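# Per-entry structural report
Spelled out from the first residue to the last, the chains are:
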Amino acid sequence: MRQLMSAAPTARRPLLATASAAVLAGALLLTGCGSGSPSSTGGTDPAAQSADAQLDQVNLGLIPITDVAPVYLGIQEGYFEDEGIQLSVQLAQGGAAIVPAVMTGEYQFGYSNVVSLLIARDKGLPITVVSNGSSSTNEPGKDVTEVAALPEAGIENAANLVGKTVAVNALNNFADVTIRNAVEQAGGNPDDVDFVEMPYPNMPAALERGDVDAAWTTEPFRTQILEAGGEIVASPMTDLTEDFDSAFYFTSEQTMQENPELVERFRRALDKSFQFAAENDDEVRSVIQDYAKITPELAETVVMSRWYPEINQEGLQKLGSAAVKYGVLKNDPDYDALIAD
C-alpha cells in the first residue's frame, strides 16, 4: 500500500483534482502561457535581483487545474528557491503543447496525464518521468475525474454508455482508455461508445443542451455538473486499478542526462510541496481560487485527489496494457525507459 506525503506516514487524506487528459500533438504551439510564478515580486530591488541571479531559472509547463496546486504552494513557501530554483510557471491549455515545449528545451519540466506520456514514448519521443503527479481517491462516485450525465439521459452505470455520446477532452487518450475498460468490465461493448471531443469548460452546457449524453469530467467542472442536477454514472479510474495515478511530472532525456542534479533538486522541492499540500487543506482550497479562477464556494466543495510520493507501477502497467488493447498505443510500453531512476 502506498503512503501519502504526510507528517504521519500512514495517513491517507484526500487532496486535489486529477489532471485533465491531453492528447499528444507534437508540433502544436502553446495556446496560452503565464509569465511567472506567484513568488515573483515584479520589483526592481537590487538585492532581490542579485538573489534571483544566483538561482537557476527553470520553466515548468502546467495546465490551470486543481491538481497542480502543490506547485503554487511550493513556490509560495520557498521550497524551490531553497533548492536553488527560480521556478516560472508557464500555462498551457493542455499537455499537447507542454510535451513539445519540454522536448525543445523551452521548458525544463512539464506536467501531463499518464496516457499522453505513454503516447509520447510510443512515438519515439525521449521524455522521462521524474515524479508522480496526482492519484485517484479510490472512491467510486467521489473521484476527481468521472463520467457524469443528467437524469433524463437514462444512464445509470458504465454499461448504459453503450450507444451513447460521451464528451471527452481529447480523443484516443486517457478518457477513451479508461471509459472503454469500464464499459467492458460492466458487460458492454466498448466499441459502441461514441466519443466527442470538447474542452472541459464546455461540457456542463453541452449536457444541458442535450448535445451529448454524458461527459468525462474533472474538477471543478465535475462539481458544477452535479450542482446543476447531474449524476455520476461511472468511475473509470477506480474500475481500472486501486490508487490510480492519473498524471506525472516529466522532463526530456537530454535534461536528465545533462543536468541530473537539477532534476534531483526539482524532485526534492516537489516532494516538500506535496507534503505541505497534504497537511494544509485550507491553503490548497485557497490557492486554487487564484490560478484556477474558481469561486470560494466552489473551491470548498470540489473533490480532492490524493498525492503519493511514489508511482504505482502495477497500476501503470494495467493502464498501459489497456491503452494497447484499445488501440491508443501501438506497442507495449517500455516502463523502465519511461520512469527515471
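Residues numbered from 1 in each chain as written. Predicted model: local features only at pLDDT ≥ 70, side-chain atom pairs only at ≥ 80, totals over all residues. Heavy atoms only, no water.

### Observations regarding the overall build of the protein chain
Cut-off, in case you're wondering: Only DSSP runs of H or I with at least four residues qualify as helices, and only runs of E with at least two residues qualify as strands; both kinds are numbered from the N terminus onward. Type-normalised accessible area, obtained with a 1.4 Å probe on protein chains alone, sets the label of each residue: buried when under 20%, exposed when over 50%, and partly exposed for intermediate values. By the convention used here, residues are in contact when the closest approach between their heavy atoms is within 4.5 Å. In this description, accessible areas are obtained by the Shrake-Rupley approach with a 1.4 Å probe, and a residue is regarded as covered only by the protein chains that are shown.
Counting its regular elements, the protein chain contains 15 helices and 10 strands. Per-residue burial for the protein chain yields a buried fraction of 56% across its 341 residues. Long-range pairs, those at least 24 residues apart, make up 82% of the contacts in the protein chain with a sequence separation of at least 6. Carbon and sulfur atoms make up 46% of the accessible area of the protein chain, which totals about 13,800 Å².

### Examining the pairing of strand E3 (residues 109-113)
Spelled out, the test is: Any two strands with at least two DSSP-identified bridges between them are counted as paired.
A large share of E3 lies buried, amounting to five of its five residues. Across the two faces of E3 the burial is the same, with Phe109, Tyr111 and Asn113 and Gly110 and Ser112 all buried. Relative to E3, strand E1 (residues 56-62) runs parallel, the two being bridged by two bridges. Among the inter-strand pairings, Gly61 is bridged to a residue of E3, identified as Gly110. The sheet contact formed by E3 and strand E10 (residues 245-252) spans four bridges and is antiparallel. Along E10, the bridge assignment pairs Gly110 with Phe250.

### Looking at the nonpolar core
Formally: Among buried residues, the Ala, Val, Leu, Ile, Met, Phe, Trp, Tyr and Cys ones that are joined through side-chain atoms within 4.5 Å form a nonpolar core.
Core analysis: the biggest nonpolar cluster contains 105 residues, and Ile179, Tyr249 and Phe266 have the highest contact counts within it. Considering each element in turn, this core owes the most residues, eight residues, to helix H11 (residues 260-279). With residues near it in sequence (within four places) discarded, Ile179 still touches Val147, Leu161, Val166, Val168, Phe195, Trp216 and Pro236.

### So, the sheet that holds strand E7 (residues 194-197)
The test is simple: Axis lines are fitted through C-alpha atoms, for helices just across the contact stretch, and the angle between N-to-C directions can take any value from 0 to 180 degrees.
Taking strand neighbours across the sheet as the criterion, the five strands line up as E7-E6-E8-E5-E9 in an open arrangement whose pairing is mixed. Each edge of the open sheet carries a strand with a single partner, namely E7 and strand E9 (231-234). Between one strand and the next, the sheet's axes are offset by a mean angle of 40 degrees, whatever the strand orientation. Pairing of strand E6 (residues 165-168) with strand E8 (residues 214-218), which is carried by two bridges, proceeds in the parallel orientation. Bridging from a neighbouring strand, Val166 pairs with Ala214 of E8.

### Considering the packing of helix H6 (residues 174-185) against helix H14 (residues 313-325)
As a reminder of what qualifies: Should an angle lie under 35 degrees it is considered roughly parallel, over 145 roughly antiparallel, and from 65 to 115 roughly perpendicular; all remaining angles are considered oblique. Amino acids are sorted into nonpolar (Ala, Val, Leu, Ile, Met, Phe, Trp, Tyr, Cys and Pro), charged (Asp, Glu, Lys and Arg) and polar (every other residue, Gly among them).
Two elements in contact, H6 and H14, have axes whose closest approach is 9 Å; the angle formed by their N-to-C orientations is 85 degrees. In terms of their interaxial angle, H6 and H14 are classed as roughly perpendicular. Between H6, through Val177, Thr178 and Glu184, and H14, the contact on the second element is made entirely by Leu319, Ala322, Ala323 and Lys325. Tallied by class, the residues present in the contact of H6 with H14 amount to four nonpolar, one polar and two charged.

### Considerations on the packing of helix H5 (residues 114-122) against H14
Going by this rule: It is the rotation of the near helix from the far one that decides the hand of a crossing: anticlockwise by less than a right angle makes it left-handed, clockwise makes it right-handed.
It is the contact of H5 with H14, at a shortest axis distance of 11 Å, that shows an interaxial angle of 65 degrees. By the angle between their directions, the pair H5 and H14 is classed as roughly perpendicular. Note on packing geometry: the crossing formed by H5 with H14 is right-handed. Contacts between H5 and H14 involve Val114, Val115 and Leu118 from the former and Leu316, Leu319 and Gly320 from the latter.

### So, the pairing of strand E4 (residues 127-135)
Within E4, nine of the nine residues are buried, which leaves the element mostly enclosed by the surrounding structure. One ladder, built from seven bridges, connects E4 with E10; its direction is antiparallel. Counted as the bridge partner of Ser135 is Asp245 from E10.

### Some details on the sheet that holds strand E2 (residues 85-91)
Read from one edge of the open sheet, five strands run E2-E1-E3-E10-E4, paired in mixed fashion. Where the open sheet ends on each side, the last strands, each with one partner, are E2 and E4. Going from strand to strand, the sheet's axes swing by 25 degrees on average, the running direction of each strand aside. Here H5 sits on the sheet and contacts E3, E4 and E10; the angle it forms with E3, its principal contact strand, is near 110 degrees.

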